[in-house]
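Notes for the structure review
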2 protein chains.
Amino acid sequence: MHLLALLEYDGTAFQGFQTQKNGRTVQAELERALTEFLPQTQRRGARVKTVGGGRTDAGVHAHGQAVSFWIEWTHDLETFQRALNAKLPTDIFVRRVVAVPEKFSARYSAISRVYEYRVWNHPERSVFHTRYATWIPELLDVTAMASAARYLVGKHDFAAFGSAPQGANTVREVKRVEVQRVGDEIIFTFEANAFLYRMVRRMVGTLLLVGRGVMPPDEMMNVLQRQRRAGFSAPPAGLTLREIKYDI
Amino acid sequence: MHLLALLEYDGTAFQGFQTQKNGRTVQAELERALTEFLPQTQRRGARVKTVGGGRTDAGVHAHGQAVSFWIEWTHDLETFQRALNAKLPTDIFVRRVVAVPEKFSARYSAISRVYEYRVWNHPERSVFHTRYATWIPELLDVTAMASAARYLVGKHDFAAFGSAPQGANTVREVKRVEVQRVGDEIIFTFEANAFLYRMVRRMVGTLLLVGRGVMPPDEMMNVLQRQRRAGFSAPPAGLTLREIKYDI
């Protein structure tokens, strides 16, 4: 059965989503749990392989990561979801499991990805916001950041903000950038067909220069055209993969 | 100098506020950091002693814990606060330090304590709410809980909900109980001159019986009069010591 699982995780204790040689990853935990569904006789050496819809680095969270995989299962999907959650650690939770067509890929069938970045914008540090937000004590100018963000929307070469593996194409289509203050938090929302490596965090880092008054909003155009350097990557803890959109 | 420090902590990795023989506690971390302010020659065997304003058990958080202590300090208090924070682990943060009269005690000078309890009331578990809220998937009846909560307000013998050390008086004055839904969270707020051991969590546990429809709201009166058993203590992670009020 070809399935799509929608999952949430707290990225704090993970070295990112993608399986790698060293360190605990979400994908490795998930594949380990899925492999437990194989009959005992097949388990030796075998491993269920998964395809992730969006990349998240070490410390980055997800509310709507999507993962596709093939597994033998003859009962209903609610039972499967419950059994899978029972095999997973408490910092990963499978929110939904749906059957998908043979050709579906969590990665290649995705139309867009939505990421959210949170800043705790308060003069005092807060122990309750260190896990899911970045602390910036100086009051940020939301209007200036929103105005700078408008330059990012559209189909552009985003090489200034990130890289693609082995010199691949760096053109992406950013569909939406929102900057809003909610109480003492500032929430940035980005939607694009796809993002380059570290692109969201680097866009946030650059918007924060504007919010601090270090860079005027319309300089964002020059950053995009690589006539001015982008800001540093904002720290990972503030970032959450919110949603991946599909055409199904 | 006699000082009052207002502090915030994430209780997840602590065995509570109060120093005890085994396990990491907030008070022990704080006293260790304060002791580092003593001149080298005095440090051997000496320890700065602190008085805490409110008790928090293992896993319980604080936004406004208050602690009083005496320490020699000749510079300004902002410098002291910064130096103290630098000596503390990241899950404790000193929000403010003020000078207080000789007779002031964080414990005995307190007029009231405010605790907050959070419930994540959503059909799905959420990895982002396990640290600071208790998950209850069934939709809770907020109106019924608010109505039951009214019986708790006033000066009563709260023996049904908690204990006092060595048979001491169990009469307390509850000044306020609020139950409100904020999005998918339910927030309970309790204010009293003082609380018995586990009293807030046990009141929440009982209100949750009402919210689930297991106990009618007016049965709360019988619980208070010990003609019906109170509910179990609600788990610690949902609880936060919000504020301690003083007359200064």
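Residues numbered from 1 in each chain as written. Chains lettered and ligands numbered in written order. Predicted model: local features only at pLDDT ≥ 70, side-chain atom pairs only at ≥ 80, totals over all residues. Heavy atoms only, no water.

1. Here's the deal with the overall build of chain A
Our working definition: Working definition: helices are DSSP H or I runs of at least four residues, strands are E runs of at least two. Numbering for both runs from the N terminus. The globule rule is 2.2 Å times the number of residues to the power 0.38, and the radius of gyration it is compared with is taken over C-alpha atoms. Each residue gets one of three labels from its accessible area relative to the maximum for its type: buried under 20%, exposed over 50%, partly exposed in between, using a 1.4 Å probe on protein chains only. In this analysis, two residues are considered to be in contact whenever any of their non-hydrogen atoms come within 4.5 Å of each other. Accessibility throughout is a Shrake-Rupley quantity obtained with a 1.4 Å probe, and a residue counts as covered only by protein chains that appear here. Asp and Glu are treated as the negative residues and Lys and Arg as the positive ones, with His and the ends of the chain left uncounted. Charged side chains are reduced to one point each, which is NZ for Lys, CZ for Arg, CG for Asp and CD for Glu.
Check the secondary structure of chain A and you find six helices and ten strands. In terms of overall dimensions, chain A is globule-like: its C-alpha atoms have a radius of gyration of 19 Å, near the 18 Å expected for 248 residues. Here chain A holds 248 residues, and the buried ones make up 53% of them. Restricting to contacts in chain A with at least 6 residues of sequence separation, those with at least 24 account for 68%. Here chain A has roughly 12,000 Å² of accessible surface; of this, 50% comes from carbon and sulfur atoms. The distance from the centre of the 33 positive side-chain charges to the centre of the 25 negative ones in chain A is 6 Å.

2. Observations concerning the relation of the copies chain B and chain A
Quick note on the threshold: Copy-to-copy alignment: least squares on C-alpha atoms, limited to residues at pLDDT 70 or above in both.
Mapping chain B onto chain A calls for a screw motion: a turn of 180° about the axis and a shift of 0.0 Å along it, with 0.0 Å RMSD after fitting. One copy is carried onto the other by what is essentially a two-fold rotation axis. The rotation axis passes nearest to the C-alpha of B:R131 in chain B, at a distance of 5.3 Å. When you check the interface residues of chain B against chain A, 100% turn up at the interface there too, and the contact is symmetric in its surfaces.

3. Some remarks on the pairing of strand β3 (residues 61-70) of chain B
The side chains of a regular strand alternate, first on one face of the sheet and then on the other. All names here are of chain B. Put simply, the rule reads: Between any two strands, pairing holds if DSSP finds at least two bridges.
Here β3 lies mainly inside the structure; nine of its ten residues are buried. With seven bridges joining them, strand β1 (residues 2-9) and β3 adopt antiparallel strand pairing. Following the sheet pairing, A5 is matched in β3 by V67. Two strands pair when backbone bridges link them, and strand β2 (residues 50-52) and β3 are joined in this way by three bridges, in the antiparallel orientation. Opposite G52, over in β3, you have V67 as the bridge partner. Sheet topology note: the β3/strand β10 (residues 239-246) ladder contains two bridges and is parallel. In the sheet register, A62 faces β10, and the bridge partner there is L241.

4. Side note on unusual backbone geometry
Located in the positive-phi region is A:R198, a residue other than glycine, with phi close to 65°. Classification of A:R198 as partly exposed rests on a relative accessible area of 36%.

5. Comments concerning the interface of chain B and chain A
The line we're drawing: Each of two parts loses accessible area, computed with a 1.4 Å probe, when they are put together; buried area is these two losses added. A pair is scored as a salt bridge if a Lys or Arg side-chain nitrogen falls within 4 Å of a carboxyl oxygen belonging to Asp or Glu. In protein, a polar contact requires one atom able to donate a hydrogen and another able to accept it; more generally it is a pair of N or O atoms within 3.5 Å, and residues adjacent in sequence count only if both atoms are side-chain atoms.
Each partner contributes to the interface: chain B provides 20 residues, whereas chain A provides 20 residues. With both sides pooled, the region where chain B packs onto chain A buries about 1,700 Å², and carbon together with sulfur makes up 53% of that total. On the chain B side of the contact with chain A, B:R125, B:V127 and B:F128 bury the most area, a combined 39% of that side's loss. At the boundary of chain B with chain A, the tally comes to four salt bridges. Between B:R95 and A:E124 there is a salt bridge, with its nearest N and O atoms 3.1 Å apart. Summed over the shared surface of chain B and chain A, the result is twelve residue pairs in polar contact (both at pLDDT 80 or more). Secondary structure elements with two or more residues in the side of chain B that touches chain A: β1, β3 and β4 (92-99) of chain B. Per-element accounting of the side of chain B that touches chain A gives the leading share, four residues, to β4(B).

6. Comments concerning the packing of helix α4 (residues 142-149) of chain A against helix α5 (residues 199-211) of chain A
All names here are of chain A. As a reminder, the rule being used: Axes here mean lines fitted to C-alpha atoms, for a helix over just the part in contact, with angles spanning 0 to 180 degrees between N-to-C directions. To sort the angles, those under 35 degrees are grouped as roughly parallel, those over 145 as roughly antiparallel, those from 65 to 115 as roughly perpendicular, and the leftovers as oblique. Less than a right angle of anticlockwise turn of the near helix away from the far helix marks a crossing as left-handed, whereas a clockwise turn marks it as right-handed. Only Asp, Glu, Lys and Arg are considered charged, only Ala, Val, Leu, Ile, Met, Phe, Trp, Tyr, Cys and Pro nonpolar, and every remaining residue, Gly among them, polar.
Here α4 crosses α5 at 135°, and the two axes come no closer than 8 Å. Taken together, the axis directions place α4 and α5 in an arrangement best described as oblique. Considering the relative orientation of α4 and α5, their crossing is right-handed. Residue-level contacts link A144, M145, A148 and A149 of α4 to L207, L208, V210 and G211 of α5. Its residues assigned to classes, the contact of α4 with α5 comprises seven nonpolar, one polar and no charged.

7. Brief notes about the domain arrangement of chain A
Residues and elements named next belong to chain A. Selection criterion: The domain limits used here are those given by an automatic or database domain assignment.
According to the domain assignment, chain A contains domain 1 (2-99) and domain 2 (112-246). Taking the mean C-alpha position of each, domain 1 and domain 2 sit 28 Å from one another. Across the boundary between the two partners, domain 1 contributes 17 residues, which contact 16 residues of domain 2. A per-residue breakdown of the area domain 1 buries against domain 2 is headed by V60, H61 and H63, which together make up 34% of the total. The tally of links from domain 1 across to domain 2 stands at three salt bridges. Its salt-bridge partner being D57, residue R201 comes within 3.6 Å of it at the nearest N-O pair. Taken together, the connections running from domain 1 to domain 2 amount to eleven residue pairs in polar contact (both at pLDDT 80 or more). Within the side of domain 1 that touches domain 2, the residues separate by chemical class into five nonpolar, nine polar and three charged.

8. Quick notes on the pattern of salt bridges
Here the idea is simple: oppositely charged side chains can pair when their charged atoms come close. Residue and element names in this part refer to chain A. Under the definition given, this model contains 40 salt bridges over all chains. Among the salt bridges present, the one from R47 reaches E31, with a minimum N-O distance of 3.5 Å. Linking R47 in the loop between α2 (40-43) and β2 (50-52) with E31 in helix α1 (residues 26-35), this pair joins segments that are 16 residues apart in sequence. Since its relative accessible area comes to 43%, R47 is described here as partly exposed. We classify E31 as buried; its relative accessible area is 9%. A salt bridge links E178 to R176; its shortest N-O distance comes to 3.1 Å. Residue classification places E178 among the partly exposed residues on the basis of a relative accessible area of 30%.

9. Regarding the packing of aromatic side chains
All names here are of chain A. Counted only if it meets this: Only the six-membered ring of Trp is used, alongside the rings of Phe and Tyr, when aromatic pairs are assigned; centres must lie within 6.5 Å, and planes under 30 degrees apart are stacked while those over 60 apart are edge-to-face, with the rest tilted.
According to the stated counting rule, one finds 22 aromatic pairs over all chains in the structure shown. Taken together, a centroid distance of 6.4 Å and an interplanar angle of 70° make the contact between Y9 and F14 edge-to-face. Residues Y9 and F14 agree in their burial class; the two are buried. Put simply, the rings of F37, F69, W73 and F80 pair up and form one aromatic cluster.

10. Observations regarding helix α1 (residues 26-35) of chain B
Residues and elements named next belong to chain B. The element α1 is extensively covered by neighbouring structure, given that eight of its ten residues are classed as buried. What α1 keeps buried is the set V26, Q27, E29, L30, E31, A33, L34 and T35. Elements in contact with the buried residues of α1: β1, α2 (40-43), β2, β3, α3 (77-87) and β4. Capping the start of α1, T25 holds a side-chain oxygen 3.2 Å from the backbone nitrogen of A28, two or three residues further along.

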